[in-house]
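Residue strings, one per chain:
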Amino acid sequence: MATTTDVTADRRVLAYAQQLYAPEDAALLAIRERQEKAGLPPISISPDEANIIAVLLRAVAAKTVLEIGTLGGYSGVWIARALAPGGRLTTIEIDSNRARVARENFRVAGVDALVDVVEGAANDVLARLDPPYDAVFIDADKASLEAYFQHAMRLLRIGGLLLCDNVFLDGRVVQAADRGPDVEGVRAFNRLAAGDPRLAAAVIPVRDGLTFGIKVAD
């Protein structure tokens, strides 16, 4: 069977899959525009990654979801739309401007009644939360990922879903000379996710790497 390593062809295939499986509606496109106008960094998850997360949430019938790192609410809208009936998303954001933009985006997207935006440092907020959650999605500062992993495992129910974005960190995880706190945080998270007996985990090589796992034991 013939194969190709042509980057342009690969990008065309990825674009084809995204347009077919993860098209953005007007509300999602508007979120990107509002984030740009508000000066937020263009670091939202991609539509194809967002759709994978949404499908996984539906697979576990998630009603209680915790997101660490709100940004402008793009991922939060995908999550809120995937909640089981009666579900709720709690999303944590340390930056007040980002939280303000996210609240507006949730309102315009029509999911604000399903979302609680909690402002504050993630570790402080997480310490106050009580289990159980059906899913935890981590997309926040990378240096703190080891702590976020431990909080997530405490908060997840058995059978709950752990998700984490940027686990390749633009390839820096395999650059031995790179010892920055962000890359060390990602490496620590990856070791924990791969080796913790309480979690059955794998990595989807979409965008910058998405870890997903099922909590199998306390």
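Refer to the structure presented above.
Residues numbered from 1 in each chain as written. Predicted model: local features only at pLDDT ≥ 70, side-chain atom pairs only at ≥ 80, totals over all residues. Heavy atoms only, no water.

Caption draft 1: Focus on the packing of helix 2 (residues 26-37) against helix 4 (residues 74-82). Interhelical geometry of helix 2 versus helix 4 gives an angle of 155° and a closest axis separation of 9 Å. Relative to helix 4, the element helix 2 lies roughly antiparallel. As helix 2 packs across helix 4, the resulting crossing turns out to be right-handed. Residues A27, L28, I31, R32 and Q35 of helix 2 pack against Y74, V77, W78 and R81 of helix 4. (Axes fitted to C-alpha atoms, helices over the stretch in contact; angles between N-to-C directions. Helix = DSSP H or I, 4+ residues; strand = E, 2+ residues; numbered from the N terminus. Parallel < 35°, antiparallel > 145°, perpendicular 65-115°, else oblique. Left-handed = near helix turned anticlockwise from the far one by under 90°. Contact = heavy atoms within 4.5 Å.)

Caption draft 2: Inspection of a nonpolar patch on the surface at higher detail. A cluster of nonpolar side chains, Y16, L20 and Y21, forms an exposed patch at the surface whose accessible area comes to about 400 Å². Relative to the assigned elements, L20 resides in helix 1 (residues 7-21). (Patch = residues over 30% accessible without salt bridge, like charges linked within 9 Å, V, L, I, M, F, W, Y side chains within 5 Å. Areas by Shrake-Rupley, 256 points an atom, 1.4 Å probe, with all protein chains shown as cover. Salt bridge = Lys/Arg side-chain N within 4 Å of Asp/Glu carboxyl O.)

Caption draft 3: Quick look at the sheet that holds strand 2 (residues 88-93). In spatial order, the strands read 3-2-1-4-5-7-6; together these seven strands make up an open sheet with mixed pairing. Where the open sheet ends on each side, the last strands, each with one partner, are strand 3 (115-119) and strand 6 (199-204). Geometrically, the sheet is characterised by an average inter-axis angle of 15° between neighbouring strands, direction not taken into account. Two strands pair when backbone bridges link them, and strand 2 and strand 3 are joined in this way by five bridges, in the parallel orientation. Paired with T91 across the two strands is V117, which belongs to strand 3. The strands that helix 3 (residues 47-59) touches are strand 1 (64-68), strand 4 (133-138), strand 5 (156-165), strand 6 and strand 7 (210-215); relative to strand 5, the one it contacts most, it runs at about 180°. The sheet strands contacting helix 8 (residues 181-195) are strand 4, strand 5, strand 6 and strand 7, and the helix crosses strand 7 at an angle near 35°. (Pairing = 2+ DSSP bridges.)

Caption draft 4: Quick look at unusual backbone geometry. Omega for the peptide link from P131 to P132 comes to 5°, which places this bond in the cis form. As for its placement among the helices and strands, P132 is situated in the loop between helix 6 (122-128) and strand 4. Backbone geometry at A61 places phi at a positive 50°, although glycine is not the residue there. On the accessibility criterion, A61 (46% relative accessible area) is partly exposed. In this structure, L169 is a non-glycine residue whose phi angle is positive, near 50°. Among the secondary structure elements, L169 is positioned in the loop between strand 5 and helix 8. (Buried < 20%, exposed > 50% of the residue type's maximum accessible area, 1.4 Å probe, protein only.)

Everything listed is a geometric property; what it means functionally is a separate question.
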